Amino acid sequence: MAGLNKWIFATHGFRYPLLLSSLHMLSGVAVGYPLGWARGPSPPAPRPRARIYLLSLTFCTSVALGNVGLSYVQLDVAQAVATTTPLVTLLLSGLLGGRRHHPLQYAAMGPVCAGAACSIAGGLRFHQPGCGFLLAATVLRALKSIQQS
(Lines give C-alpha, C1' and ligand atoms only; values in the text may rest on other atoms or scores of the structure.)
Protein backbone atom coordinates (compact mmCIF):
# COMPACT_ATOMS: atom_id res chain seq x y z
CA MET A 1 0.00 0.00 0.00
CA ALA A 2 2.86 2.39 0.80
CA GLY A 3 4.35 1.79 -2.65
CA LEU A 4 1.06 2.62 -4.33
CA ASN A 5 0.63 5.76 -2.25
CA LYS A 6 4.18 6.91 -2.99
CA TRP A 7 3.58 6.27 -6.70
CA ILE A 8 0.48 8.48 -6.55
CA PHE A 9 2.46 11.25 -4.80
CA ALA A 10 5.53 11.06 -7.05
CA THR A 11 4.15 10.24 -10.48
CA HIS A 12 0.97 12.24 -10.48
CA GLY A 13 2.10 15.09 -8.25
CA PHE A 14 -0.76 14.45 -5.84
CA ARG A 15 -0.31 16.90 -2.96
CA TYR A 16 -3.14 15.90 -0.63
CA PRO A 17 -1.99 12.98 1.56
CA LEU A 18 -4.75 13.52 4.12
CA LEU A 19 -7.38 13.39 1.38
CA LEU A 20 -5.89 10.08 0.23
CA SER A 21 -6.08 8.80 3.82
CA SER A 22 -9.68 9.97 4.11
CA LEU A 23 -10.64 8.21 0.89
CA HIS A 24 -8.94 5.07 2.20
CA MET A 25 -10.97 5.21 5.41
CA LEU A 26 -14.24 6.04 3.64
CA SER A 27 -13.82 3.06 1.33
CA GLY A 28 -13.29 0.90 4.41
CA VAL A 29 -16.52 2.21 5.91
CA ALA A 30 -18.37 1.71 2.62
CA VAL A 31 -17.39 -1.96 2.63
CA GLY A 32 -17.52 -2.52 6.39
CA TYR A 33 -21.02 -1.26 7.12
CA PRO A 34 -22.80 -3.53 4.63
CA LEU A 35 -20.79 -6.50 5.85
CA GLY A 36 -21.62 -5.69 9.47
CA TRP A 37 -25.26 -5.18 8.62
CA ALA A 38 -25.42 -8.50 6.75
CA ARG A 39 -23.91 -10.25 9.77
CA GLY A 40 -26.74 -9.11 12.00
CA PRO A 41 -27.38 -6.35 14.50
CA SER A 42 -25.24 -6.90 17.56
CA PRO A 43 -23.94 -3.54 18.80
CA PRO A 44 -21.09 -3.86 21.29
CA ALA A 45 -21.44 -2.85 24.91
CA PRO A 46 -20.31 0.69 25.84
CA ARG A 47 -16.86 -0.33 27.16
CA PRO A 48 -15.84 -2.40 24.10
CA ARG A 49 -17.30 0.31 21.86
CA ALA A 50 -14.97 2.89 23.43
CA ARG A 51 -12.01 0.56 22.86
CA ILE A 52 -13.04 0.09 19.23
CA TYR A 53 -13.25 3.87 18.73
CA LEU A 54 -9.81 4.35 20.31
CA LEU A 55 -8.35 1.60 18.11
CA SER A 56 -9.97 3.18 15.03
CA LEU A 57 -8.60 6.60 15.90
CA THR A 58 -5.12 5.16 16.42
CA PHE A 59 -5.25 3.32 13.10
CA CYS A 60 -6.60 6.28 11.10
CA THR A 61 -4.04 8.66 12.56
CA SER A 62 -1.26 6.19 11.85
CA VAL A 63 -2.29 5.83 8.20
CA ALA A 64 -2.67 9.60 7.81
CA LEU A 65 0.75 10.36 9.32
CA GLY A 66 2.32 7.64 7.19
CA ASN A 67 0.85 9.17 4.04
CA VAL A 68 2.00 12.66 5.03
CA GLY A 69 5.49 11.28 5.69
CA LEU A 70 5.51 9.49 2.34
CA SER A 71 4.92 12.76 0.56
CA TYR A 72 8.27 14.03 1.95
CA VAL A 73 10.64 11.03 1.92
CA GLN A 74 11.64 8.22 -0.39
CA LEU A 75 9.83 4.91 -0.20
CA ASP A 76 12.90 2.99 1.00
CA VAL A 77 13.30 5.38 3.94
CA ALA A 78 9.63 4.91 4.84
CA GLN A 79 10.00 1.13 4.70
CA ALA A 80 13.16 1.25 6.81
CA VAL A 81 11.37 3.27 9.48
CA ALA A 82 8.40 0.88 9.33
CA THR A 83 10.65 -2.12 10.02
CA THR A 84 11.28 -0.74 13.50
CA THR A 85 7.61 -1.24 14.44
CA PRO A 86 8.19 -4.60 16.21
CA LEU A 87 10.98 -3.09 18.31
CA VAL A 88 8.85 -0.07 19.22
CA THR A 89 5.99 -2.45 20.08
CA LEU A 90 8.25 -4.40 22.45
CA LEU A 91 9.50 -1.23 24.10
CA LEU A 92 6.04 0.33 24.51
CA SER A 93 4.47 -2.87 25.82
CA GLY A 94 7.17 -2.92 28.48
CA LEU A 95 6.83 0.76 29.33
CA LEU A 96 3.05 1.14 29.14
CA GLY A 97 1.82 -2.36 29.84
CA GLY A 98 4.46 -3.48 32.30
CA ARG A 99 5.13 -6.63 30.27
CA ARG A 100 8.47 -8.33 30.55
CA HIS A 101 9.98 -9.78 27.43
CA HIS A 102 12.80 -12.26 27.07
CA PRO A 103 16.13 -10.63 26.18
CA LEU A 104 16.29 -12.77 23.04
CA GLN A 105 13.22 -10.97 21.73
CA TYR A 106 15.07 -7.68 21.97
CA ALA A 107 18.21 -9.24 20.48
CA ALA A 108 16.20 -10.56 17.52
CA MET A 109 15.13 -7.01 16.66
CA GLY A 110 18.75 -5.90 16.19
CA PRO A 111 19.39 -7.70 12.88
CA VAL A 112 16.01 -6.59 11.52
CA CYS A 113 16.59 -2.91 12.26
CA ALA A 114 20.27 -3.06 11.26
CA GLY A 115 19.39 -4.79 7.99
CA ALA A 116 16.88 -2.09 7.17
CA ALA A 117 19.43 0.61 7.96
CA CYS A 118 22.03 -1.07 5.72
CA SER A 119 19.57 -1.39 2.88
CA ILE A 120 19.21 2.39 2.58
CA ALA A 121 22.81 3.34 3.37
CA GLY A 122 24.28 5.72 0.82
CA GLY A 123 20.97 6.61 -0.80
CA LEU A 124 19.41 8.39 2.13
CA ARG A 125 17.79 11.73 1.41
CA PHE A 126 16.79 12.79 4.91
CA HIS A 127 13.84 15.14 5.36
CA GLN A 128 13.35 15.91 9.04
CA PRO A 129 9.58 16.63 9.11
CA GLY A 130 8.86 13.65 6.85
CA CYS A 131 10.84 11.31 9.08
CA GLY A 132 9.08 12.79 12.11
CA PHE A 133 5.69 11.93 10.59
CA LEU A 134 6.91 8.42 9.80
CA LEU A 135 8.24 7.91 13.34
CA ALA A 136 4.93 9.10 14.79
CA ALA A 137 3.10 6.67 12.49
CA THR A 138 5.42 3.87 13.68
CA VAL A 139 4.68 4.63 17.33
CA LEU A 140 0.95 4.65 16.60
CA ARG A 141 1.21 1.29 14.78
CA ALA A 142 2.94 -0.11 17.84
CA LEU A 143 0.20 1.30 20.10
CA LYS A 144 -2.41 -0.25 17.83
CA SER A 145 -0.76 -3.65 18.25
CA ILE A 146 -0.74 -3.22 22.02
CA GLN A 147 -4.40 -2.15 22.02
CA GLN A 148 -5.36 -5.25 20.05
CA SER A 149 -3.64 -7.64 22.47
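Look a little higher up for the structure.
Okay, so let's go over this structure. Just so it is clear, the structure is predicted and the values come from calculations on it, not from any experiment.

Focus: the overall build of the protein chain
At step 1: Of regular secondary structure, the protein chain possesses 7 helices and 0 strands.
At step 2: In sequence order, the protein chain lays out its α and β elements as α-α-α-α-α-α-α.
At step 3: The principal-axis extents of the C-alpha atoms in the protein chain amount to approximately 55 × 45 × 20 Å.
At step 4: Considering only intrachain contacts with a sequence separation of at least 6, the fraction spanning at least 24 residues in the protein chain is 82%.
At step 5: Put simply, the protein chain shows about 9700 Å² of open surface, and 69% of that area lies on carbon and sulfur atoms.

What to know about helix H3 (residues 46-70)
At step 1: An ideal rise of 1.5 Å per residue puts 36 Å on 25 residues; H3 measures up with 36 Å between its terminal C-alpha atoms.
At step 2: Among the residues of H3, those classed as buried are Thr-58, Ser-62, Val-63, Ala-64, Gly-66, Asn-67, Val-68, Gly-69 and Leu-70.

Here's the deal with a nonpolar patch on the surface
At step 1: A surface patch of nonpolar side chains, about 430 Å² in accessible area, is lined by Tyr-16, Leu-19, Leu-23 and Leu-26.
At step 2: By secondary structure assignment, the location of Tyr-16 is in the loop between helix H1 (2-11) and helix H2 (17-39).
At step 3: Take Tyr-16: its relative accessible area is 53%, and that puts it in the exposed class.

Comments concerning the packing of helix H4 (residues 75-82) against helix H7 (residues 128-148)
At step 1: As a packed pair, H4 and H7 sit with axes 9 Å apart at the nearest point and diverge in direction by 35 degrees. At the point where H4 passes H7, the crossing takes the right-handed sense. Contact with H4, carried on its side by Val-77, Ala-78, Val-81 and Ala-82, involves Cys-131, Leu-134, Leu-135, Thr-138 and Arg-141 of H7 and no other residues of that element.
At step 2: Residues belonging to the contact of H4 with H7 are distributed by class as follows: 7 nonpolar, 1 polar and 1 charged.

As for the side chain of Thr-138
At step 1: In this structure, Thr-138 sits in helix H7.
At step 2: Excluding its chain neighbours within four sequence positions, the residues that come into contact with Thr-138 are Val-81, Ala-82, Thr-84, Thr-85 and Val-88.

So, the packing of H2 against H3
At step 1: Axis separation between H2 and H3 bottoms out at 8 Å; the angle between their running directions is 145 degrees. Where H2 crosses over H3, the two elements pack in a sense that is right-handed. On the side of H2, the interface is formed by Pro-17, Leu-18, Leu-20, Ser-21, His-24 and Met-25, while H3 contributes Phe-59, Cys-60, Val-63, Ala-64, Asn-67 and Val-68.
At step 2: When its residues are assigned to classes, the contact of H2 with H3 shows 9 nonpolar, 3 polar and no charged.

Quick word on the environment of Ser-21
At step 1: By the secondary structure assignment, Ser-21 is in helix H2.
At step 2: Judged by its relative accessible area of 4%, Ser-21 falls in the buried class.
At step 3: Sequence separation of Ser-21 and Trp-37 is 16 residues, and the distance between their C-alpha atoms is 24 Å.
At step 4: With sequence-adjacent residues up to four places away left out, Ser-21 is seen in contact with Val-63, Ala-64 and Asn-67.

Notes on the packing of aromatic side chains
At step 1: Here the structure, examined in full by the defined rule, presents 1 aromatic pair.
At step 2: With a centroid separation of 6.1 Å and 20 degrees between ring planes, the pair formed by Tyr-72 and Phe-133 is classed as stacked. Of the two residues, Tyr-72 sits in the loop between H3 and H4 while Phe-133 sits in helix H7, which places them 61 residues apart along the sequence.

Thresholds applied
Residues numbered from 1 in each chain as written. Predicted model: local features only at pLDDT ≥ 70, side-chain atom pairs only at ≥ 80, totals over all residues. Heavy atoms only, no water. Helix = DSSP H or I, 4+ residues; strand = E, 2+ residues; numbered from the N terminus. Contact = heavy atoms within 4.5 Å. Areas by Shrake-Rupley, 256 points an atom, 1.4 Å probe, with all protein chains shown as cover. Expected span 1.5 Å × (residues − 1). Buried < 20%, exposed > 50% of the residue type's maximum accessible area, 1.4 Å probe, protein only. Patch = residues over 30% accessible without salt bridge, like charges linked within 9 Å, V, L, I, M, F, W, Y side chains within 5 Å. Salt bridge = Lys/Arg side-chain N within 4 Å of Asp/Glu carboxyl O. Axes fitted to C-alpha atoms, helices over the stretch in contact; angles between N-to-C directions. Left-handed = near helix turned anticlockwise from the far one by under 90°. Nonpolar A, V, L, I, M, F, W, Y, C, P; charged D, E, K, R; others polar. Phe/Tyr/Trp six-rings, centres within 6.5 Å; stacked < 30°, edge-to-face > 60°.

By themselves, these observations are geometric and do not establish any function.
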